[in-house]
Amino acid sequence: MKTAIVGGGAAGFFLAINLKEMMPEMEVTIFERSQRVLAKVEISGGGRCNCTNTFEEVSDLSQVYPRGHRLLKRLFKGFNHHDAYAWFERHGVPLVIQDDQCVFPEAQDSHAIINCFLSLAHRYHIEIRKSCKVQSLDDVRDYDYVAVTTGGSPKGEGLRWLSALGHEIEAPVPSLFTFEIHDKQLQSLMGLVTDVEAMIPGTKMRASGPLLITHWGFSGPAILKLSSHAARYLAEHDYQSPLAIRWLSLTEQEMITLLHEQVVTQPKKQLTTYNPFGLQQRLWTYLVEKALDTRSQIRWMELNKKDVNRLVNILLNDTYQIAGRAPFKDEFVTCGGISLKAINPSTLESKHVPHLYFAGEVLDIDGITGGFNFQAAWTTAYTIAQAITSHR
Ligand SMILES: Cc1cc2nc3c(=O)[nH]c(=O)nc-3n(C[C@H](O)[C@H](O)[C@H](O)COP(=O)(O)OP(=O)(O)OC[C@H]3O[C@@H](n4cnc5c(N)ncnc54)[C@H](O)[C@@H]3O)c2cc1C
């Protein structure tokens, strides 16, 4: 029995190794188009490889997998983050959990995972053919099974031969990016980090977490998460869309009460200099100036009903215009790929070509940052290893 794996990345190696462990007599060959395998694993997580997540802060997989959560829920029954954690430790890669629930190799170095994969591939006699690009099934015709683990294809060129075989394709668009905002005043807040809720007005798309103000606009976990949930929407709108920021998690009524309290307790203090919400001082000053403009220098006792409404509106629903997409150098993935309609959800086998399988980012599955994308690669690869070996 022979299996060809097209793509020498995370999913390709994980599949090859598990295939050999489940069925040692299987001949496994990895075809890699470039001269280097596991290139993305190497640079992942800032060179440390955030290889999975504890999922402790995840109550529903749709929070972390905007695409593919239903399929992953099913496949996690066979191989989930606990299994991945145990797998790496069993194979000589001790892991550590950060406070934010992200999981990394204890060595804090992606080479711990690369070395593990390469040494197991060597031990199990997995053949690795580098500089070998597969562009049709003809290129791998001598194999009983073929698994495609070619990763994301942002421009779609890597999906053409698979589309020609009848597979439905979800148009690829980038995910995990930051927002370009043209706003001179905002630049005065460069470097500021604060917890917010970011929303696309008129939609249900929203994300919470730290926001980072950069020299080009907004970044940080809240924005990356929102870029993932809104990846297709923003692509369709050419990355031009309103964005609303909720700077405080208080309710409107709580804010109004707190503002009125200051009128009584701090009447002579200037609004910009006395900040009742615990916001960073320069953020508070910026928000007061944005809300009240020429009245921003008033004292608390001068605050009128209109001022209160304006302040509450800015604190709850501060709107900006997204002017474009800016890169996030630490991680990016492709939303879209082989449609989940084209595969058997239990085995990940093609519905169009028997004995052809898909795993990893080539599928229309992608997650937010935090180790979720590698977990999807491990889970889908493991599923295929089981499906192929169950044929014996
Ligand atoms: C900078 C960066 C940092 C990241 N950090 C993290 C992180 O810390 N945690 C996380 O969970 N995710 C991270 N990701 C996402 C993660 O790397 C991917 O989701 C994951 O690598 C997908 O695995 P894969 O095997 O499907 O694809 P890949 O790892 O991309 O592998 C695909 C392989 O297939 C090869 N290939 C493509 N076409 C062909 C062909 N026709 N023939 C032969 N070979 C082919 C490619 O050259 C490549 O080697 C990061 C991504 C980037 C870009």
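Keep in mind the model is a prediction, meaning the values are calculated, not measured.

## Topic: the site of the ligand
Contacts to the ligand come from 31 residues, most closely from Ala11, Glu32, Asp330, Glu361 and Phe374. For the ligand, an oxygen atom lies 3.2 Å from a polar atom in the backbone of Ala10. At 2.9 Å from a nitrogen atom of the ligand is found a main-chain nitrogen or oxygen belonging to Asn50. The fraction of the free accessible surface of the ligand (1000 Å²) that becomes covered by protein chains is 94%. With four residues, helix α2 (residues 39-47) is the largest single contributor of residues to the shell around the ligand. Across the shell around the ligand, the residue classes tally to 11 nonpolar, 12 polar and eight charged.

## Section: the sheet that holds strand β6 (residues 127-129)
Adjacent strands of a sheet form backbone hydrogen bonds with each other and so pair up, either parallel or antiparallel. Taking strand neighbours across the sheet as the criterion, the five strands line up as β6-β2-β1-β7-β16 in an open arrangement whose pairing is parallel. Pairing within the sheet leaves two strands with one partner each, and these edge strands are β6 and β16 (356-358). Strand after strand, the sheet turns through a mean of 20° between neighbouring axes, direction not considered. Bridge count between strand β1 (residues 2-6) and strand β2 (residues 27-31): five bridges; the pairing is parallel. The residue bridging Thr3 from the neighbouring strand is Val28, located in β2. Seen against the sheet, helix α1 (residues 10-22) touches β1, β2, β6 and β7 (145-148) and runs at an angle of roughly 175° to β2.

## Some points on the side chain of Asp366
Following the sequence through the fold, Asp366 ends up in the loop between β16 and α12 (372-389). Residue classification places Asp366 among the buried positions, given a relative accessible area of 0%. Separated by 2.7 Å, the side chains of Asp366 and Arg67 make a polar contact. Look past the residues within four positions of Asp366 in its chain and what remains in contact with it is Val64, Tyr65, Pro66, Arg67, Ser175, Ser228, Val333, Thr334, Cys335, Gly336 and Asn373.

## Quick word on unusual backbone geometry
Positive phi, normally seen in glycine, also occurs at Gln101, with a value near 75°. Tracing the sequence through the fold places Gln101 in the loop between β4 (95-97) and β5 (102-105). The backbone phi angle of Gln108 is positive, close to 55°, even though this residue is not glycine. Position of Gln108 relative to the elements: it lies in the loop between β5 and α5 (111-123).

Reading guide: rules and limits
- Residues numbered from 1 in each chain as written.
- Predicted model: local features only at pLDDT ≥ 70, side-chain atom pairs only at ≥ 80, totals over all residues.
- Heavy atoms only, no water.
- Near = heavy atom within 4 Å.
- Polar contact = N/O pair within 3.5 Å; in protein donor to acceptor, adjacent residues only side chain to side chain.
- Areas by Shrake-Rupley, 256 points an atom, 1.4 Å probe, with all protein chains shown as cover.
- Helix = DSSP H or I, 4+ residues; strand = E, 2+ residues; numbered from the N terminus.
- Nonpolar A, V, L, I, M, F, W, Y, C, P; charged D, E, K, R; others polar.
- Pairing = 2+ DSSP bridges.
- Axes fitted to C-alpha atoms, helices over the stretch in contact; angles between N-to-C directions.
- Contact = heavy atoms within 4.5 Å.
- Buried < 20%, exposed > 50% of the residue type's maximum accessible area, 1.4 Å probe, protein only.

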